[in-house]
Amino acid sequence: KIIDKNKINVTISIEETEKFFVNKINIFGNYITEESVIRNRILTDEGDPFNVILLEKSLNNIKNLGIFSNVNRTISEDDEKNKIINIIVEEQPSGKIMAGAGTGSSGFSTIFGIEEKNYLGKGINLKSNLEINSDRINFLLESTNPNYKNSNRSLSYSFENTSIDAMTNSGYKSNKSGFNVASQFEQYQDIYFRPKISLYYEDIVTNDNASASYKKQEGTYLENDFSYTLTLNKLNQNFHPSEGFKTHFSQSLPIFTDDYSISNLFEISKYSTIGENAIFSTSFFAKSVNSLNGKDVRITKRVFLPQRKLRGFKRGKLGPKDNTDFIGGNYGMALNFATTIPNTLNSLENVDFSLFYDVANVWGVDYNSEFDSNKIRSSAGIAIDWLTLVGPLTFSLSQPITKASTDETESFRFDI
């Protein structure tokens, strides 16, 4: 009530409503999917107090499985006015075949994949991918149970084979095969933990064009590692986020291997909206790999910056160099700033325009410090992302600002 025009009296009245309980939950329409797959996504159970909010969250969890085209519910009452919840699902084809091809200033790539999200009606995700790049072939076969034995923990098995043919440019070829066993779960709110055990076998072959360091590492390797990843996700959405941040730390520890090395990776990304629709993003990336027994870190395990972390430089063509070969480093870091304006051009939809500034470095050579190239690299430029009917097109025009004399630069990059 308003008193004397400038004062307010507030009265809070609390009235307890009639309590209802859930008597039964029925599920209809799941002819292929096992009922346990659906019930594991329901946040309430028979005998619990009826809660509309938990029921709606449960329906969203079922929809997020991606194996139902429609999810509905009806609510009725029994003789004692307890609630009977009927959940009606409509199953849809859960398998898909994917094929794609891409090209750009850094080379070509093709990919083919098959995925089944509801294998044997158990909600198991089974997928296989074959990716072919200019100098690399990768095959992956993976099976993931998102809720292993009703534990709210996923369990994944995967087999992977990677073949790298760099005989022409660097004089070496590598073939690496192995399998992984991993799990993932939400330890605390928005904090995810992913442990993984892997076993790999690698064969490295060199020719006369290889440097002395590459020839020294020729041979076969067996490695058994334990790795884990901690992720804190505070983004408002995972696809094209506009607010929040996401950070993760991962570490790989050797159990048994021919060259004992430990790797650490830390990455954080922050997003914020400026004005009506401009999005400012900042990201920091740091990675290190070091030997624990004094041996040289294998060439295939050394640090090379991801291409997206430093534009204006050719992929893998910066950092320490042994004669004509870029050998990567023991350490790498990158700091990226970008301002993106979505749907920039009114005449064209799905066109994002961004200004960026990248700072990065790759350094550290454990076997010969003379090859080190510890210098800050930086570049600035503009980029355009255009989602078209034939796929996403990415253009970037960048100008290197600081670089080492041995680095190889590129001002224009194009990918589709």
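Attention here is on the structure that accompanies the text.

The rules behind these values
Residues numbered from 1 in each chain as written. Predicted model: local features only at pLDDT ≥ 70, side-chain atom pairs only at ≥ 80, totals over all residues. Heavy atoms only, no water. Phe/Tyr/Trp six-rings, centres within 6.5 Å; stacked < 30°, edge-to-face > 60°. Buried < 20%, exposed > 50% of the residue type's maximum accessible area, 1.4 Å probe, protein only. Lys NZ or Arg CZ within 6 Å of the ring centre and 35° of its normal. Helix = DSSP H or I, 4+ residues; strand = E, 2+ residues; numbered from the N terminus. Expected span 1.5 Å × (residues − 1). Arc of directions from axis to C-beta. Contact = heavy atoms within 4.5 Å. Polar contact = N/O pair within 3.5 Å; in protein donor to acceptor, adjacent residues only side chain to side chain.

**Looking at the packing of aromatic side chains**
Okay, step 1: Within this structure, the stated rule accounts for eight aromatic pairs.
Okay, step 2: For the ring pair F226 and Y228, a centre distance of 6.3 Å and an interplane angle of 35 degrees mean the geometry is tilted.
Okay, step 3: Accessibility expressed as a relative area gives 27% for F226, which makes it partly exposed.
Okay, step 4: By relative accessible area, which is 19% here, Y228 ends up buried.
Okay, step 5: In this structure an aromatic cluster arises from ring pairing among F185, F193, F226, Y228 and F249.
Okay, step 6: In this structure, K83 packs its charged tip against the face of F50, placed 5.7 Å from the ring centre.
Okay, step 7: Its guanidinium or amino end placed over the ring of F356, R311 lies 3.8 Å from that ring's centre, counting from NZ or CZ.

**Here's the deal with helix α2 (residues 52–63)**
Okay, step 1: With twelve residues, α2 ought to run about 16 Å at 1.5 Å a step, and its terminal C-alpha atoms sit 17 Å apart, in line with that.
Okay, step 2: Buried within α2 we find L55, S58, L59 and I62. For α2, the angular spread of the buried residues around the axis is 100 degrees, confining them to a single face.
Okay, step 3: In this structure, the buried side of α2 is in contact with α1 (35–39), β4 (68–77) and β5 (83–91).
Okay, step 4: The backbone nitrogen of I53 lies 2.9 Å from a side-chain oxygen of the residue at the head of α2, namely N51.

**So, the side chain of R377**
Okay, step 1: Along the chain, R377 turns up in strand β21 (residues 377–388).
Okay, step 2: A polar contact is formed between the side chain of R377 and the backbone oxygen of K375, at a distance of 2.7 Å.
Okay, step 3: Within polar-contact distance, the side chain of R377 engages the side chain of D407 at 2.7 Å.

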